[in-house]
Amino acid sequence: LIHSSALQTLETTDLAGLRDLHQEILGKKGRLTETLKSLKDLSVDEKREIGSLANRYREELETRFRERQSELERKAEADRLSTEHFDALRPVARSHGHMHPMSRIQYEVEDLFLQMGFRLMDGPEVETDENNFGNLNFSDDHPARDMQDTFWTEEGFLLRTHTSSVQVRAMQSLKPPFRIVAPGRVYRYEETDASHENTFYQCEGMMVDRNISTAHLIHVMKTFLSAFFEREVTVRLRPGYFPFVEPGFELDIRCLICGGDGCPVCKHSGWVELLPCGLVHPNVLRAGGIDPEEWSGFAFGMGLSRLVMMRHEIEDIRHFLSGNLRFLQQFSG
Ligand code: PHE
């Protein structure tokens, strides 16, 4: 009885029905299983005869179930493949990435300085007090330390507040004469607004050679800036204070928007403050193991974030690290 009705259902059911049927007949409490259990009441001879018959029957039934199951699975797979379709030529939603505007400017700046014989240097973002301050002529109680509010780690390290820390590393690892540029990320513990961010980008430059003067500094900056802005740039120096340069300057360029006549970008002054720089302080050279009687140098600290903002007329520095795709996708071209 089990046999004929089971085989009939086997041929007509679907996968779910097949599972139920298997449970109903061959499961723990299945009909056949129960029947096999009841054999224990028979005599030894009957048990042997009927038992082996019943076992063969169970095996046969299991085989039929397996065959039917794979048949149904193959059919389901074939149905899926014949209805599902994949169009390899259908245009996709735009999802490819592109370089961040900051990286793009960084590589451009690097290239221009490499052409002028500078080499690239790198330094860690977690620094020692000596590399960020001490060896740059900030004494322990120097008020200029307050110029750069600092993130400290519990272990007494700091997040570098400027790329000038790489000046120290350059003097330790290179013999003069040398010229280096060191682009990278820097940190300040301060309130953020449209022109201040706690994380931003600078590019340090340092050249050490014999008889380096302010004239070399001006020439290199003018050459770089004219190439970068793709037009002749006029520069001027104003005095500026940083403990690691003497004399120290703020370098301004004649406003590229109005040409010096006055406009909102230069706040009607005709000049735009661009980067601090100066001649390397003798104490800094000495701390770097370089004799200031024999060698001199200049250094500058360019705000890369600032350059990108000028080039693309970006009004708020906080856009850069916002992760806002609508901001970033403007620079995909
Ligand atoms: N490190 C200074 C700053 O971040 C900039 C600077 C660099 C000034 C090199 C002079 C020379 O403000």
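Keep in mind the model is a prediction, meaning the values are calculated, not measured.

Between helix α2 (residues 15-26) and helix α3 (residues 31-38), the shortest axis-to-axis distance is 3 Å and the interhelical angle comes to 10°. When the axis of α2 is compared with that of α3, the two are roughly parallel. Judged by residue contacts, Glu-24, Ile-25 and Leu-26 of α2 engage Arg-31, Leu-32 and Thr-33 from α3. Split into classes, the residues belonging to the contact of α2 with α3 amount to 3 nonpolar, 1 polar and 2 charged.

We now examine the pattern of salt bridges. The full count for this structure, using the stated rule, is 19 salt bridges. The residue Arg-68 makes a salt bridge to Glu-71 at a minimum N-O spacing of 2.9 Å. With Arg-68 and Glu-71 both in helix α4 (residues 44-83) and 3 residues apart, the pair spans about one turn of that helix. With a closest N to O distance of 2.9 Å, Asp-252 and Arg-236 form a salt bridge. Linking Asp-252 in strand β7 (residues 245-254) with Arg-236 in strand β6 (residues 235-239), this pair joins segments that are 16 residues apart in sequence. When its relative accessible area of 2% is taken as the criterion, Asp-252 is described as buried. When its relative accessible area of 32% is taken as the criterion, Arg-236 is described as partly exposed.

What follows covers the packing of aromatic side chains. Taken as a whole and judged by the stated rule, the model has 11 aromatic pairs. Between Phe-242 and Phe-244, the aromatic rings sit 5.9 Å apart at their centres with planes inclined by 45°, giving tilted as the arrangement. We note that Phe-242, like Phe-244, is buried. Connected via pairs of aromatic rings, a cluster forms that spans Phe-113, Phe-118, Phe-224, Phe-228, Phe-229 and Phe-300.

Turning next to the site of the ligand. Neighbouring the ligand are 15 residues; His-162, Ser-164, Arg-188, Gln-202 and Gly-301 lie closest to it. At a separation of 2.9 Å, an oxygen atom of the ligand approaches a polar side-chain atom of Gln-202. If the ligand stood free it would expose 330 Å²; the protein chains cover 94% of that surface. Every element with two or more residues in the shell around the ligand is listed here: β5 (199-209), β8 (271-280) and β9 (296-303). When residues in the shell around the ligand are grouped by element, the largest group, 3 residues, is from β9. Broken down by class, the residue content of the shell around the ligand amounts to 7 nonpolar, 6 polar and 2 charged.

The positions that UniProt labels "domain: Aminoacyl-transfer RNA synthetases class-II family profile" (unreviewed entry) are, in the present scheme, residues 103-310. The distance separating the terminal C-alpha atoms of residues 103-310 is 15 Å; by composition the span is 26% helix and 29% strand.

Reading the values: the criteria
- Positions within a chain are numbered from 1, following the residues in the order the chain's sequence is written.
- For this predicted model, a pLDDT threshold of at least 70 governs which residues receive local features, and a threshold of 80 or more governs which side-chain atom pairs are given and counted, while totals over whole chains, interfaces and linings are taken from all residues.
- The side-chain quantities take in all heavy atoms of the structure and omit both hydrogens and water.
- Interaxial angles span 0 to 180 degrees and are taken between N-to-C directions of axes, which are lines fitted to C-alpha atoms, for helices over the stretch in contact.
- By definition, any uninterrupted DSSP run of H or I lasting at least four residues is a helix, any uninterrupted run of E lasting at least two residues is a strand, and each is numbered from the N terminus.
- We call two directions roughly parallel when the angle between them is under 35 degrees, roughly antiparallel when it is over 145, roughly perpendicular when it lies between 65 and 115, and oblique otherwise.
- In what follows, residue pairs with any heavy atoms lying within 4.5 Å of each other are defined as contacts.
- Gly falls in the polar group here, along with every residue not listed as nonpolar (Ala, Val, Leu, Ile, Met, Phe, Trp, Tyr, Cys, Pro) or charged (Asp, Glu, Lys, Arg).
- Salt bridge criterion: a side-chain nitrogen from Lys or Arg within 4 Å of a carboxyl oxygen from Asp or Glu.
- Each residue is placed in one exposure class: buried if its accessible area under a 1.4 Å probe, protein chains only, is under 20% of its type's maximum, exposed if it is over 50%, and partly exposed if it falls in between.
- Stacked, edge-to-face and tilted labels apply to pairs of Phe, Tyr and Trp rings (six-membered ring for Trp) whose centres lie within 6.5 Å, assigned for plane angles under 30 degrees, over 60, and everything in between, in that order.
- Definition of nearness: a residue and a molecule or strand are near each other if at least one heavy atom of the residue lies within 4 Å of the molecule or strand.
- In the analysis that follows, any N or O atom pair within 3.5 Å is treated as a polar contact, provided that within protein one partner can donate a hydrogen and the other can accept it, and provided that, for residues neighboring in sequence, both atoms belong to side chains.
- Accessible surface is estimated by sampling points in the Shrake-Rupley manner with a 1.4 Å probe; for residues, cover comes only from the protein chains shown.
- UniProt positions are given in the numbering used here, feature names are shortened, and annotations may be inferred rather than shown by experiment.

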